[in-house]
Every structure is written in C-alpha cells, then in structure tokens.
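# Structure at a glance
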There are 2 protein chains.
Amino acid sequence: MKRNLTMLTDFYEITMSNGYLEYGLEERTAVFDMFFRKIPDDGGFAIFAGLEQLIEYIKDLEFTEEDIEFLRGKGQFSEAFLAYLKNFRFSCDIWSMKEGTPVFPYEPVVVVRGPIIQAQMIETMVLLTINHQSLVATKANRMCRAAEGRPISEFGSRRAQSYDAAILGARATYIGGCSATACAIADRDYGIPAVGTMAHSWVQVFDSEYDAFKNYAQVYPDNCIFLVDTYNVVKSGIPNAIRVADEILKPMGKRPKAVRIDSGDIAYLSKKARRMLDDAGYPDCKIMATNSLDEYIIRDLLLQGAQVDLFGVGENLITSKSDPVFGGVYKLAAVERDGVLVPKIKVSESIEKITTPCFKDVYRFYNRETGQAIADYVTVRGETVDDSQPITIFDPMATWKKKTVRNFTAKSILTQVFDKGRCVYELPKLDDIRNYCADQVAHLWDEVKRFEHPHRYYVDLSDRLWNERNDLLERINAE
Amino acid sequence: MKRNLTMLTDFYEITMSNGYLEYGLEERTAVFDMFFRKIPDDGGFAIFAGLEQLIEYIKDLEFTEEDIEFLRGKGQFSEAFLAYLKNFRFSCDIWSMKEGTPVFPYEPVVVVRGPIIQAQMIETMVLLTINHQSLVATKANRMCRAAEGRPISEFGSRRAQSYDAAILGARATYIGGCSATACAIADRDYGIPAVGTMAHSWVQVFDSEYDAFKNYAQVYPDNCIFLVDTYNVVKSGIPNAIRVADEILKPMGKRPKAVRIDSGDIAYLSKKARRMLDDAGYPDCKIMATNSLDEYIIRDLLLQGAQVDLFGVGENLITSKSDPVFGGVYKLAAVERDGVLVPKIKVSESIEKITTPCFKDVYRFYNRETGQAIADYVTVRGETVDDSQPITIFDPMATWKKKTVRNFTAKSILTQVFDKGRCVYELPKLDDIRNYCADQVAHLWDEVKRFEHPHRYYVDLSDRLWNERNDLLERINAE
C-alpha cells in the first residue's frame, strides 16, 4: 500500500540537480532551512506537524526504472545523472522541530545539511508535507482553544482537497487537539478514533423520524447520537429522541449518548434542547453541534450560553478555509567552499524577505519556575548558550527593542532526525505528540494565544548570528 | 502503486449500512444526487472534474481482510454485515457530467441509483473526488480567462494540501486550461507537461549570477529560462541574461527562451525587461511572471500593459486560496417502495437548502445556429423534451420569471458511466477533456464569464418536476 512519492517534486529540482552534477558539485555540502514568515489567520503561533510523513518519504526515496525512463524521455538529462539517480542514496543530516511544537516566523523549523544535489532534491516534499499538516494542526488548535475543553470531532473528508488531505489532515487535527474524526481510514491507519452515527438520509429512508430513531436505537443501543434536525428540532427531533430513549433504550438499561443539531440557530436550539432533555430525565444526554463551525462561531456560541457539549467541524477545519496556505519556504543558508561552510543570504527589496544566513540552531528559553516559554533564540550552530547568567536579547528587525531574560533554562528545540542519511529519530506515538502539543501550548502566554492581534512572541538572533547577517548585507551592498 | 481507498469513507456510512442490512434494506433501491449550491468565488459557472478518479475508486472498491478486522474490532457491526462487506460487489448505476463541462448550482452533476447500502457507502468519495478537482479546475479556468490566451503553468505543489492535492490538483488545472505544471510526477502519471528550470538557490550557489546563468546555458542551451530577480532585475538579472545569451547561446545558434521575474512590481519590471531584451536583439525572449498571482492580479497587470507572455501560479491556484471549498452535497432523491421509486425531499428552514426530489435528468439547450448554451433544464428521468417546439421555462425559485426558448437543440448532459456496477464509459484522454472544456466555455455567454456579479445562467425545472416538488412540499406541510 506504500506509494513511492520520489517523483513528487518540482521539475526544477531535477534540472538543477542534473546541472550540479555536471559541474561536479554533487558532493558540495549545502545547508537549507525551512521556515515561514506568516502565521495562518494572523495567530500568535503555529503548530509544527508532518514530520513523520517527511521521514517516511525520505526513507523511501528511490528512483524506479519507470522514473528513470520517464526522465530519459525528457531528453534533457545526462546518462551520468540518470545513473546517479538510479544509485541514489540519501546521505544528508536533518534537524527538525518535534511534531506538536508551537513554532514562530523566521526561525528554522527544519534544517537540512548535505550534498547540495540531495538537499535540493527534497525541497518540494519537505515543504509540501510540513506546510500541509502544520496548517491544519494550527487551525485545529485554534478551534480547540475556542471550544474550551469541549471535544471537537473532525468531519471534513468530503470537502478535503483530495485523499491525503482527508487522511493526513485528520492526523493533523488530532495533533492540534481534536478528539475524533469521521474518516474511517484515518482510524485504521493512524488510530484516530472514528465516530459517526447517522446522516439525514437514514432519517428519510424510514417512514418517519420516530421509526428511524427507533430502528437505530435497536441496532446501536450503546451508541445513540440522534440527528434531530431533519424535520424540526424542537417540534419533532428532540421529542422523537426522548420517546425512543424512553421506549427502547430505558427498558434495555441504556441511555442516549447525544443529539446532533446540524442546522438552524445553534445557540437558541441547543438551549431549548437542553431544557427538554433535562426535563425528560436525560441531563446526561449531550448536545452536539455541526453546522459550518469555526473558532469564531464556536467562541460566540459559548459566549451566548449555547448548551453545546461536543462540536463537529468540517470544511472550515480540514481546508483551514479562512487561510488555506501555510507559506513555508526552503532557503539556502550556507554552502561549502574549500571545506568551510560559507553563509549565504537572499537579499530582497522587502526587508521581511531577506533570509538569515548560516548553519543554525534554535533555543527556547523557559522560565525556570513556571516553565512558561519566554522567547526563541536563533544561534549559529555550535554556539553555547549560557543560561546560568541573564541574557539580553533584541528584535533583529528593530535592534533597539531589548529585553533581559533572567532565571531561565535554554533548550535546543531542533532535534536531529537523520544522520548521514540514517534515521536516528524514534517516531513518537500519535497520542504522545498530541499530549506534547497540549502541554507546550499550555506553556505559552495567554497573550500569544489571543485570536486577534496576539502578542508577538520573541524570536531573536544571537549576537554572533546577527553580526554574520549584518556583515553579509554590508558586503553585498558594497559590491 | 494503486492504493485501496475503500475505507476512505465517513464512519457513519458504515454504521448506516450495517443498519440497512439489519432491516433487510440492502436491496432496496435508492437514488442519490450530487449537486452544489454555490459557485466558488461567486463566479458564473464551475468546471466539473474528477470523474476519472471516481471511476477508478469504484472499480477498485474492495474491503480487505485488514479492513474487516479493523471493523470487527470496533465491536459495533454484525457478522452478517462483515460477511456482506467481504463479498461486496458494486451494482449501482451511475450517471455523471463529463469532465470539463461547465456546471451550475442545483442541477445534479452525479446521479447514483442502486441498492441503498451501496449508494450510501460511496457518498464520501463521490464528494471528495469531485469537490476537489472541480474546485481547482474552476479556479484554473478563471485564471486562464484572465490571462487571455497567455499560457499559465501550475507551480503550487509545495503549498498543496498534501500529495494528491498536488498531483490531482495539477490534473484539474490542466483540465481548466493551464498549459503545464512544475509537478514531475503529474507528468509521469498524467502526461501534463512538466516544466521548470532554476530556483534562487542555483543562482546563489555559484560565485555570481553571471556564472550561474552561464553554467545553466551550457547544460541547457535549448531550455534557458533565466530567473532574474535574485539580486536586482534591471541592474543585474536582465543584463546577465543578455550577456549569457550573447556569449554562450548565440555562438551555439541558440536563443534564450524566457526570463522569469519572481518578485517586485511585475508591471514596471516586465516593461523595463521587454525594452532591454528588444534592444539587445531578443524580441523573441519571453517574459514569465510568478509572484503570488491570481486572476485579479493577472487581469490588472495586463490592463496596465505588463509585458508578460507566460504566467506561473502557485498557492492561489492549487488551493483555490480565495475560496478553497467546493461545497458539493449528496442527497437522497428517491427510495423504492413496493417496486416503485418514491420521490424524497429534504425540507429545511432556508429555502435554498430544500432539495429537488425524483430520479432526474439534465438537458442543456443550445442555440441551433450559434451553438451558445441557453439554459439547463432538469427533468424527471424519462420525460421527453421536444426541441422542435418553443418551450417556456421558469425560475423554480421565482416562477413568474419566464423565458421562451426557440430554435434550440436539447441535449442530455448526464452520461451513464456505470450500468449495474459495470463501467460503461470509455475514459477520454486528458487532452480531449481539456479541449472539450475550452470549447464548452467558449459556448457560454460572456455575461456568465464575468468575474464579478456574473449573469446567473438559467437552471430550470420541467413542469412535471416542479409539480412533483411542490406536491411533496404541500403534503409535508399539511402533515
């Protein structure tokens, strides 16, 4: 069932690689960073996700005979290059954030070091994999925060942007905090609990709503979530659910699990439904809402006192509809020359698009007492960060904005996952990733978690890195 | 390399199916329609796409031992049902629009008739497949119309919502009118021409931009598209491209194909570049623009006289960023009772959400002389449409709005693709789909093609269908 996705790459990675080989650069070491510039929905942080699939892809990298034949047919590539691809063996080092980590603009989230031809070749899939799952995990985390502890189920497969978007999207929503999915294959393959009971068609197929509920309860007495809006929630759906609970479930010693409202005004209907269920002796019967929800509607519903215990979210989550692109980029940071790594920078008219050169590391500073995350600190790799002393950090775009950090521990948050092409990272269980994410988000300031105009978390450069960057810019300008 | 996606389904399809079997409804015939309510970006029409993948999915439907075990482990399903799944053989009839067809809200684009348990089971994948590719094909068509004949290449893989979104997304952009893709695997598997030359990293790896261009030209003299914005388009990129064209290509009898501008003001820079290339004797060297483009920017650039010959579009196309969801739904239209199909309707508080009952067909009326599409006409299946006489059609939501159509031919636009589970449709070649799409779009009124507030194309119901719908609504209201 494994797909070989080696050829899922932009064609220019291949033309460039052929060129690098032509000029004998295949062994020249380069360092590339993946980073992003903008947090989706103008939020305060993103959730890093997709590493497991990236690792799988890299482990499986292999150009098949079919691929080689296809490329030969393009008439652009040398036989030496095609032979190189045939014998391709990945030998780069890769460092990455762990899945579930809150991440911030302008810090490297993946660092690749190795033969330029290889480091270049994986660009498309590094970006594709991490961009997609980070996008969806970030959105899920926003919705889960809005729901304030109420479980959210992911119901978006039918509106996902194709198959993997449904399956791996469900995985990302789980990392971000969702509790379940409607997607059966995501349960089979990733162990994300799949849930689901009935659609409107079930209710319509039988002679009446009452018959439909009764028939359902007889087959699934332990798992009754009645869809109550096919005709009229208050006049028909809830009364029929109560009647079936009384007539069918009660004699069996069972209770209805929930009612689901999929249309109409959720605030109004959920309060009505709550009262009716309570009065009928079912205060434990939960109310689920599932109608084009997002973090703003969820927050507003709860502010209005909606009696919703469970949410199901579809298209707005699985596509991150309000901001459906995670704009990670993959940029050259250094290239070897005579055995030494030479920092590289991409200049640009717009200041925000200038890259940070050098082979780098990222430290996160945590308050020694509360464990709160204070700032991220990007260094030249190999620099030691002494967290026994106060340290003054500054905004790299506005160096006069300074802050002295005291009483903290500094922890490198980039983990090595490949060592000369060999995977050295043990993949965590999905539930552990999800718990790790929840814990890390809990250690962010509330101000960073605000939906609108959140506080900008500090991502600062070490003195040495800032100087390297500045020197390089001065030099280029002088030329 | 084929994946079995049978289990890519919402869990409730499985719980409902198990219930249908329990009640002996597995052979009861039902009719489901897929239709949509809103055109992405509030456009005048959508492009139907994804049928080929839907057909493949249905042909491959098979519950493996692993699937059965997984389902058994959920502890909710009867052994009779698991045996049913093990021996599952698809036996429905399916009618569908052809890929590349302009389609409109509220008309069935896919119709499934067969045993309810089966027709229900494929819901998720019908929607997922058609929603995704129709979304992207529709967006591509908008962009291609904005480009007024200039070729557009699809460059969005790295920002696609996972792997299939990149690959099948590229397929959909090609149907919608794009000319090429950056996605190598989409060329290998679907024959969409893959293109691509160099990234900024290529330019940065060598000692200078001049060296980078020179080295590229020596390897690819026939395919030189120079990326000219790494340092400065006007001061450095274009002059270096011209120098390399003069020094390297000219002596070989070759010409540069294009320069690519990926940042800065495209209108200004392209005009400058055009003049410089013309003055240097390269009026045939094309100019390609590739910076966060969409249909509006493309239109504005051309209005401002930008000298762009080729466009490359990334995230805004592959995710349909401005409106990333195609909201197709799948609704029950009829259920057999005592050997007769009984129409079914889903009522709703909001009028637009009321479904159209009955087993239906869709005719498109074409002007007999010009071939222009005049209106779509939804009928009860089996009704004859006499196009030798004028016919008065009316808006089903505003029946006083009438129009008499004369001198037209009526053509059923739903094609049978499965007959009792057997595929009876020969898949067209992708290029034929693309040409068909272009031809069909050419036969729409310009007013329907406007980006803002397009004319609403008529999708009307036959008298008989309208009466069926009205009678059903009256009856339900009376109850």
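Parameters and conventions
Residues numbered from 1 in each chain as written. Chains lettered and ligands numbered in written order. Predicted model: local features only at pLDDT ≥ 70, side-chain atom pairs only at ≥ 80, totals over all residues. Heavy atoms only, no water. UniProt positions renumbered as here; feature names shortened; annotations may be inferred. Helix = DSSP H or I, 4+ residues; strand = E, 2+ residues; numbered from the N terminus. Buried < 20%, exposed > 50% of the residue type's maximum accessible area, 1.4 Å probe, protein only. Contact = heavy atoms within 4.5 Å. Buried area = accessible area lost by both parts, 1.4 Å probe. Salt bridge = Lys/Arg side-chain N within 4 Å of Asp/Glu carboxyl O. Polar contact = N/O pair within 3.5 Å; in protein donor to acceptor, adjacent residues only side chain to side chain. Core = buried A, V, L, I, M, F, W, Y, C linked by side-chain atoms within 4.5 Å. Pairing = 2+ DSSP bridges. Axes fitted to C-alpha atoms, helices over the stretch in contact; angles between N-to-C directions. Expected span 1.5 Å × (residues − 1). Arc of directions from axis to C-beta. Domains from an automatic or database assignment.

- In the nomenclature of an unreviewed UniProt entry, chain A is known as Nicotinate phosphoribosyltransferase of Anaerotruncus massiliensis.
- You can read under Function (unreviewed entry) in the UniProt record for chain A the words "Catalyzes the first step in the biosynthesis of NAD from nicotinic acid, the ATP-dependent synthesis of beta-nicotinate D-ribonucleotide from nicotinate and 5-phospho-D-ribose 1-phosphate."
- Its UniProt record, at the heading Catalytic activity (unreviewed entry), says of chain A: "5-phospho-alpha-D-ribose 1-diphosphate + nicotinate + ATP + H2O = nicotinate beta-D-ribonucleotide + ADP + phosphate + diphosphate".

## Considerations on unusual backbone geometry
Residues and elements named next belong to chain A.
- The backbone phi angle of Cys358 is positive, close to 90°, even though this residue is not glycine.
- Inspection of the secondary structure assignment puts Cys358 in the loop between strand 13 (340–343) and strand 14 (360–367).
- In this structure Cys358 comes out as buried when scored by relative accessible area, which is 5%.

## A word on the interface of chain A and chain B
- Listed as interface residues are 105 residues of chain A and, on the opposing side, 105 residues of chain B.
- Summed over both sides, the interface between chain A and chain B buries roughly 8800 Å², with carbon and sulfur atoms accounting for 57% of that surface.
- It is A:Arg158, A:Gln161 and A:Tyr163 that lose the most area in chain A upon contact with chain B, and together they represent 11% of the buried surface on that side.
- The closest approach of N and O atoms between A:Asp187 and B:Lys74, which form a salt bridge, is 2.6 Å.
- At the boundary of chain A with chain B, the tally comes to 51 residue pairs in polar contact (both at pLDDT 80 or more).
- Examining the composition of the side of chain A that touches chain B, we find that 10 residues originate from one element, helix 1 (residues 11–22) of chain A, more than from any other.

## Topic: the nonpolar core
- Of all hydrophobic cores here, the largest spans 318 residues; its most connected members are A:Leu8, A:Ile122, A:Phe226, A:Phe311, B:Leu8, B:Ile122 and B:Phe311.
- With 13 residues, helix 6 (residues 123–147) of chain B is the single largest residue contributor to this core.
- When sequence neighbours within four positions are dropped, the list of residues in contact with A:Leu8 reads A:Thr124, A:Met125, A:Leu128, B:Tyr163, B:Ala166, B:Ile167, B:Cys183 and B:Ile185.

## Thoughts on the sheet that holds strand 21 (residues 458–461) of chain A
Residue and element names in this part refer to chain A.
- Read across the sheet, four strands follow the order 18-14-15-21 without closing on themselves; strand pairing throughout is mixed. The two strands at the open ends of the sheet, each matched to only one other strand, are strand 18 (408–412) and strand 21. Across the sheet, the mean angle from the axis of one strand to that of its neighbour is 25°, orientation sign disregarded.
- Contacts from helix 17 (residues 463–478) reach strand 14, strand 15 (373–380) and strand 21 within the one sheet, and its direction differs from that of strand 15 by about 50°.

## Describing the sheet that holds strand 6 (residues 152–154) of chain A
Residues and elements named next belong to chain A.
- The strand order across the open sheet built from six strands is 7-6-11-10-9-8, with neighbouring strands paired in parallel fashion. Every other strand in the sheet has two partners, leaving strand 7 (180–181) and strand 8 (225–227) as the edge strands with one partner each.
- Across the sheet, helix 12 (residues 266–279) touches strand 9 (258–261) and strand 10 (286–289), and the angle it forms with strand 10 is around 160°.

## Points about helix 15 (residues 430–442) of chain A
All names here are of chain A.
- Between its first and last C-alpha, helix 15 extends 18 Å over 13 residues, near the 18 Å set by a 1.5 Å rise per residue.
- Along helix 15, the positions that sit buried rather than exposed are Leu430, Ile433, Arg434, Cys437, Gln440 and Val441. Seen from one end, helix 15 has its buried residues packed into an arc of 130°, which puts them on one side.

## Some details on the domain arrangement of chain A
Residues and elements named next belong to chain A.
- Once the domains are mapped, chain A shows domain 1 (11–136 + 324–478) and domain 2 (137–318).
- Its C-alpha centre places domain 1 at a distance of 39 Å from the equivalent point of domain 2.
- Contacts between domain 1 and domain 2 engage 27 residues on the former and 27 residues on the latter.
- Across the interface of domain 1 and domain 2, roughly 2200 Å² is buried in total on both sides, 55% from carbon and sulfur atoms.

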